[in-house]
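Observations on the three-dimensional arrangement
Residue-level listing of the chains:
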Amino acid sequence: MTKNKKLKDWVSKMAKLCQPEEIVWIDGTDAQRAVLEKEALESGELIQLNQEKLPGCYLHRTAIDDVARTEHLTFICTKKKRDAGPTNNWMPPKTAYKKAKAIFKGAMANRTMYVIPFSMGPVGSEFSKIGVELTDSRYVVLNMLIMTRVGNAVLRHLEEKDHFTKCLHSKADLNINRRMILHFPEDNTIWSVGSGYGGNVLLGKKCLSLRIASFIARRERWFAEHMLIMGIEEPNGHVEYIAAAFPSACGKTNLAMLIPPEGLKIKGYRIWTVGDDIAWMRVDSDGALWAVNPESGFFGVAPGTNSYTNFNMVETIKKNTIYTNVLLKPDKTVWWEGADGEIPASGIDWQGRPWKPGMKDHNGKPILGAQPNSRFTSPIVNCPSASFRLEQHHGVPISAIVFGGRRQHLAPLVYETFNWQHGVFVGATMASERTAAQVGELGEVRRDPMAMLPFCGYNMAYYFKHWLDMGKRMPKAPKIFHVNWFRTDDKGKFLWPGFKENLRVLEWVLDRCNNRVGARETSIGYVPYPADIDMTGLDLSEGALEKLLEVENKDWLEELKGIRKFFQQFKKDMPAQLWDEYKNLEKRLKSND
Ligand code: OXD
Ligand code: MN
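The structure presented is a predicted model; accordingly, all values stated were derived computationally and were not measured.

Rules and cut-offs
- Residues numbered from 1 in each chain as written.
- Chains lettered and ligands numbered in written order.
- Predicted model: local features only at pLDDT ≥ 70, side-chain atom pairs only at ≥ 80, totals over all residues.
- Heavy atoms only, no water.
- Pairing = 2+ DSSP bridges.
- Helix = DSSP H or I, 4+ residues; strand = E, 2+ residues; numbered from the N terminus.
- Buried < 20%, exposed > 50% of the residue type's maximum accessible area, 1.4 Å probe, protein only.
- Polar contact = N/O pair within 3.5 Å; in protein donor to acceptor, adjacent residues only side chain to side chain.
- Contact = heavy atoms within 4.5 Å.
- Near = heavy atom within 4 Å.
- Areas by Shrake-Rupley, 256 points an atom, 1.4 Å probe, with all protein chains shown as cover.
- Nonpolar A, V, L, I, M, F, W, Y, C, P; charged D, E, K, R; others polar.
- Phe/Tyr/Trp six-rings, centres within 6.5 Å; stacked < 30°, edge-to-face > 60°.
- Lys NZ or Arg CZ within 6 Å of the ring centre and 35° of its normal.
- Salt bridge = Lys/Arg side-chain N within 4 Å of Asp/Glu carboxyl O.
- Donors = N, O, S within 2.8 Å, 3.2 Å for Na, K, Ca; no water.
- Core = buried A, V, L, I, M, F, W, Y, C linked by side-chain atoms within 4.5 Å.
- Expected span 1.5 Å × (residues − 1).

Details of the sheet that holds strand 18 (residues 322–324)
- Pairing within the open sheet is mixed, and its five strands lie in the order 2-3-18-23-17. What marks the edges here is a single partner per strand, and that holds for strand 2 (47–48) and strand 17 (297–301).
- In the sheet, strand 18 pairs with strand 23 (residues 375–379) via three bridges, with the strands oriented antiparallel. If you follow Ile322 over to strand 23, its bridge partner there is Thr377.

The following block contains the structure:
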C-alpha cells in the first residue's frame, strides 16, 4: 500500500483503537468504486435512482437529527485557549482526545475501516495538501471520491513528502449526545465521531480545507478562505478571475456558475467556474494573488435549485451524483422544494415516509418532501461552465475579492474599498440578517467576518492580522469590494433581481479593477454612478437603482455600535489597524453628515 512508515503506524494505531473487522485501502479506481456502490445498495446506505434518467445517481438518507453541521459540537483543540480565540468552541487537546477515545473505542467492530488517501488541490501542486481519512462509512468514501482527488497517485506522492493531515471518522452509533467534531491544528489531526452528515464527516472539506488549512496558511503565509472562484470572460476574450465570500446560504454556488443575462451575453460575457465554496490563495512570483479550488466536487444545497436559479447546476447533477435527504419520486427520480417542474403528486419524503403535497404535521406546519439542507454531491467536471484551468497547478490570478452579506437596508448594491487595509476592515465587519430558514430572531444581525466565523481554525484576531500582513506582501494585491443583493424597498420587496443579473455588478467591479470607470466617493467607499452599471434588458422600477446605491450615514453610525461590540471581544489581540479603520469611518460619517 505505502512505504510511508508514519502512515502505516498511524493506521495500525487507529485500527487498534476502533477495532474494525477489516481494513480496505481506497485506490481511486472505478472498479473499486463499483464494488463499494454495490455493497452500499445491499446494505441500504444507498438507494439506486432511475439509471436511464439519472445515470450513476444514488440517494442516501441520514438520521433525522443528523442533517447539518453541528457548530456547538465542533471544537478547536489548541493547547492554549487564547489560540482558539473567543469565537470558537475550545477544548484542551488532552481532554478532547480522552473523551473521543472513549467513543471511538471498538466503534468499528463488525465494520470495515476504509483508508482514503486524498489530495486537496491537484496532486503535486505547490498549493495542495494531503490528508488520509479513516472511516467506517461507505457513504463517506463515495462522497470523498467525488469531492477530492483520491487514490494511489496520492500515496505515491506521500512517499516523497510524509506530511499529511490525520483524519479519523466513525459513525459510531450516530448518537447526537456522543457526537464531536474535533480539530487539533497543532497535531495536524481531525477526529469526527457520531455523525454521518457531509459537513461533519467529509473531512477534506470544512475541517481540513478551512479549519486546519487556515491554521497552516497563517504559518506558511497563504490564504485558506470560504470563497467561490469564478472566471469572467470579457467581450475581448480575456478571462478575469474573482474570489468571493458570502455567509452560508447567500448564493455562492449560484453566482459561481451563472449564465449571463441576455443583455450582457450579446456583449460576449461568459462565466467559467473554478470553485463554489473554498479558495486557497498564494502570492506568486509576479506579486499577484493566485487561487486554486482544493475540491473536485460540489456539495450543494438542493432546495431552490432549478433552471432559473442555477441552470448549470441542474445540468451538473444529472449524472454521477449522490443525493442526500431529498424526496424520492415514484419513477425513482428526485425532487425538492423549489425544483423544476410540477410538484409531484406523491413520493417518499427524506425521512422515508409516504408523502403527498399539502400534508401537515400535528402543529399544522407543512411537511417538506426534502430536508431544507438536503444536498447533492457532484463532480465539478460535470458542470457545463467548469473552468479549463481547474487542473492547473498555479491556479488562476485573482483581480478582485468580493465580500457580501444579506442586508435589507444599509449596504449598497456594491462598493469598492479605499485600499487593502480598509478592505480587510470591510471583510472583518461582514454581517448578515437572519432569514426564516435559521433558528433565532428574524432580522437579527450576525457578524460573520470573511464568512469564516464557523471555519477559522484559530483566533480570529490573529486571522485579521494575517490578512493585514498579506496585503503588505503583495505588490499587486486584488482590489476589495462589498456587495449586497438583498436590499429591500419600504414595503420589504427586493430592489434587485439577483441571480444572473448580478453579473452587471461584477462587470462594474472589473471595470474598476481596470480603471475603466470613475466612482462616487462616499464615507464607506467608492459607489458606482448609476450610468456605469449596464442595465440593457433589465427594467427596474423608477429610482430603484439610485436607492440601491444610497449610503445613509445615520444608519452606518448605528452599525458602528454592532461593529464595536464585535471587535471588543478580541480585547488586546485585535489589530490596532482595524480600530483605526473604525475610527476613520466614524470620522468620515460624522463629517459628511
Ligand atoms: C457549506 C456551508 O455547506 O457553508 O458549504 O455550510
Ligand atoms: Mn460553505
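Picking up after the structure, the text goes on.
Overview of the side chain of Asp349
- Relative to the helices and strands, Asp349 is located in the loop between strand 21 (347–348) and strand 22 (354–355).
- Residue class for Asp349 comes out buried when judged on its relative accessible area of 1%.
- A distance of 2.8 Å separates a polar side-chain atom of Asp349 from the backbone nitrogen of Gln351.
- Asp349 has contacts with Arg61, Val326, Leu327, Trp355, Ile367, Leu368 and Gly369, leaving out every residue within four places of it along the chain.

Remarks on the site of ligand 1
- Around ligand 1, the neighbouring residues are Arg69, Lys206, His226, Ser248, Asp277, Arg375 and Phe455.
- Arg375 is positioned with one of its side-chain polar atoms (N or O) 3.1 Å from an oxygen atom of ligand 1.
- Its free accessible area being 210 Å², ligand 1 has 88% of it covered by the protein chains.
- Split by residue class, the shell around ligand 1 holds one nonpolar, two polar and four charged.

Considering the packing of aromatic side chains
- Scanning the model with the defined rule gives 26 aromatic pairs in all.
- Taking the centre distance of 5.3 Å and the plane angle of 80° together, the rings of Trp272 and Phe388 count as edge-to-face. Pair noted here: Trp272 is in strand 14 (residues 270–275) and Phe388 is in the loop between strand 23 and strand 24 (396–404), with a separation of 116 residues, a long-range link.
- Pairwise contacts between aromatic rings join Tyr458, Tyr463, Phe464, Phe566 and Phe570 into one cluster.
- Across from the ring centre of Phe486, 4.0 Å away, lies the NZ or CZ of Arg406, which sits over that ring.

A few points about the environment of Met180
- With respect to the helices, strands and loops of the structure, Met180 is situated in strand 9 (residues 180–184).
- The exposure class of Met180 is buried, given its relative accessible area of 8%.
- Note: C-alpha distance between Met180 and Glu546 (366 residues apart in sequence) is 49 Å.
- In contact with Met180, other than residues within four places in its own chain, are Leu73, Met91, Lys99, Ala100, Ile103, Trp191, Ser192 and Val193.

Looking at the pattern of salt bridges
- Under the definition given, this model contains 38 salt bridges.
- Across the pair Arg179 and Asp66 runs a salt bridge whose closest N-O atoms are separated by 3.5 Å. On the criterion of sequence distance, the pair formed by Arg179 in the loop between strand 8 (165–170) and strand 9 and Asp66 in the loop between strand 3 (58–60) and strand 4 (74–76) is long-range, its members being 113 residues apart.
- Using a relative accessible area of 1% as the deciding quantity, one classes Asp66 as buried.
- Here Glu315 and Lys318 are joined by a salt bridge, their closest N and O atoms 2.9 Å apart.

Remarks on the coordination of the manganese ion (ligand 2)
- Protein coordination of the manganese ion (ligand 2) is provided by Lys206 (NZ), His226 (NE2) and Asp277 (OD), with donor distances spanning 2.1 to 2.2 Å.
- Donor residues for the manganese ion (ligand 2), ordered by position in the chain, follow K-x19-H-x50-D. One end of the pair, Lys206, is in helix 8 (residues 204–220); the other, His226, is in the loop between strand 11 (223–225) and strand 12 (228–233), with 20 residues separating them in the sequence. Neither Lys206 nor His226 differs from the other in exposure class; each is buried.

Re the nonpolar core
- Membership of the largest hydrophobic core comes to 163 residues, with the highest contact counts inside it found for Trp280, Tyr323 and Trp467.
- Sequence-distant contacts of Trp467, that is, excluding residues within four places in its chain, are made with Phe223, Glu225, Met227, Ile401, Phe403, Trp420, Val424 and Met450.
- Counting residues in each nonpolar core, the second largest holds 34 residues, with Leu7, Phe104, Met113 and Trp191 among its members.

Concerning helix 17 (residues 576–591)
- For helix 17, built from 16 residues, the straight-helix expectation of 22 Å at 1.5 Å per residue is met to within 8% by its first-to-last C-alpha distance of 22 Å.
- Along helix 17, the positions that sit buried rather than exposed are Leu578, Trp579, Glu581, Tyr582, Leu585, Arg588 and Leu589.
- Of the surrounding secondary structure, the elements contacted by the buried residues of helix 17 are helix 12 (420–428), helix 13 (460–472) and helix 16 (553–568).

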